[in-house]
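# Summary of the model geometry
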Amino acid sequence: MTPLYLLCSLCLLPLALSQYLPPMPIPFTTRPPLRQDSYSTTPDFAIAVDAANSELVFDLLNPARNEEVGQDGGTVFYQVVPGIMGTHKWFIAPCGVAIPHFHSGGDAINYAMEWNAQAEVGYVDTDGSTVTIKNIKKGNTFRMPRGTLHWVVNKSCTETLSGIQFFNSPDIAATRPDLQIGSIPEEILIVSMGEEVAALISDWAVNKPNVRDMLVLCPRCVQECGL
């Protein structure tokens, strides 16, 4: 038996024995990962999740997520998809006001679901001018860029406003400039705004009611409507 023949026989030996051995396991690094979710205790490659339990689904008609209630001015339901976006569904009561605020996290895109001819949207433009948007209709959308100071006023005595708000960021926090100004020391306010205005702001800062409310009622509208 020549050395070359012996070498070839040894090379073919594992192949000849493989039919009598159990199959080798797939290396862990090449296996598809097993998924485990909170709705099943058994790992599976196909998982069914009820829409009511998914953070990726928001019920626009009957929101049941986190809720913020204003001072009789309306209600806001909100949901955040971690790392992706945020969603609001809001209601503004007759004579209700969404007080001036801005969102530093991202743009806010609003879809008007219920609207009326007495409702207005206002904002401060980049050049400092105040802009009022009138005659928005049901089904319209309006966008507020990130950092834009804006507000909504419902001057109707009987009709409620409602809308859906989408953010291109999970940071949906609203910042109120009135609270920022109210925290400035009075001596600084006197220099920048004068003593009379500084005194008014300082008094308001001490006695400010419902500082967390974003939706409030307009006293003048309530009086005119007899509400």
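The preceding data block contains the structure.
These figures come from a predicted structure and were not determined experimentally. (Residues numbered from 1 in each chain as written. Predicted model: local features only at pLDDT ≥ 70, side-chain atom pairs only at ≥ 80, totals over all residues. Heavy atoms only, no water.)

### Topic: the overall build of the protein
The condition that has to hold: Think of it this way: any DSSP run of H or I at least four residues long counts as a helix, any run of E at least two long counts as a strand, and we number them from the N terminus. Only protein chains enter the area calculation, which uses a 1.4 Å probe; residues under 20% of their type maximum are buried, those over 50% are exposed, and those in between are partly exposed. Throughout, a contact is declared for two residues whenever any of their heavy atoms are within 4.5 Å. For the accessible areas, the method is Shrake-Rupley and the probe is 1.4 Å, while residue cover comes only from the protein chains on display.
Regarding its fold elements, the protein presents five helices and 11 strands. Out of the 227 residues in the protein, the part that is buried amounts to 32%. Contacts in the protein between residues far apart in sequence, at least 24 positions, make up 69% of those at least 6 positions apart. Carbon and sulfur atoms form 59% of the exposed surface of the protein, whose accessible area is close to 15,200 Å².

### Points about the sheet that holds strand 6 (residues 119-124)
Filter applied, for reference: DSSP-based pairing: two strands are paired if at least 2 bridges between them are found. Axes here refer to lines fitted to C-alpha atoms; in helices the fit is confined to the stretch in contact. Angles between the N-to-C directions go from 0 to 180 degrees.
Strand order in this open sheet of five strands is 7-6-9-4-11, and the pairing throughout is antiparallel. Pairing within the sheet leaves two strands with one partner each, and these edge strands are strand 7 (130-133) and strand 11 (215-217). Averaged over all pairs of adjacent strands, the angle between their axes in this sheet comes to 25°, without regard to strand direction.

### Quick notes on a nonpolar patch on the surface
Spelled out, the test is: Any residue with relative accessible area above 30% and no salt bridge may belong to a patch, with like charges joined within 9 Å and the nonpolar Val, Leu, Ile, Met, Phe, Trp and Tyr side chains within 5 Å. Salt bridge, as used here: a side-chain nitrogen of Lys or Arg that lies within 4 Å of a carboxyl oxygen of Asp or Glu.
Taken together, the side chains of Ile181, Ile184, Ile188, Met193 and Val197 define a hydrophobic patch exposed on the protein surface, amounting to about 370 Å² of accessible area. Tracing the backbone through its elements, the reader meets Ile188 in helix 3 (residues 186-193).

### Structural notes on the environment of Val197
Position of Val197 relative to the elements: it lies in helix 4 (residues 195-207). Using a relative accessible area of 36% as the deciding quantity, one classes Val197 as partly exposed. Once the C-alpha coordinates of Val197 and Glu186 are considered, the two residues, 11 residues apart in sequence, prove to be 9.9 Å apart.

### Section: a negative patch on the surface
Test applied: In this tally, Lys and Arg are treated as positive and Asp and Glu as negative; His is ignored, and so are the chain termini. Working definition for charges: the position is that of NZ of Lys, CZ of Arg, CG of Asp or CD of Glu.
A grouping of Glu186, Glu187, Glu195 and Asp203 is seen on the molecular surface, where their side chains present a negatively charged patch. Those elements giving two or more residues to the negative patch turn out to be helix 3 and helix 4. As for its position among the elements, Glu186 is in helix 3.

### A short note on the pairing of strand 10 (residues 161-167)
Strand 10 sits mainly inside the fold: six of its seven residues count as buried. Pairing analysis gives seven bridges linking strand 3 (residues 85-92) to strand 10, with the strands arranged antiparallel. Considered in strand 10, the bridge of Lys89 is made with Ile164. Note: strand 5 (residues 108-114) against strand 10, six bridges, orientation antiparallel. Paired with Tyr111 across the two strands is Ile164, which belongs to strand 10.

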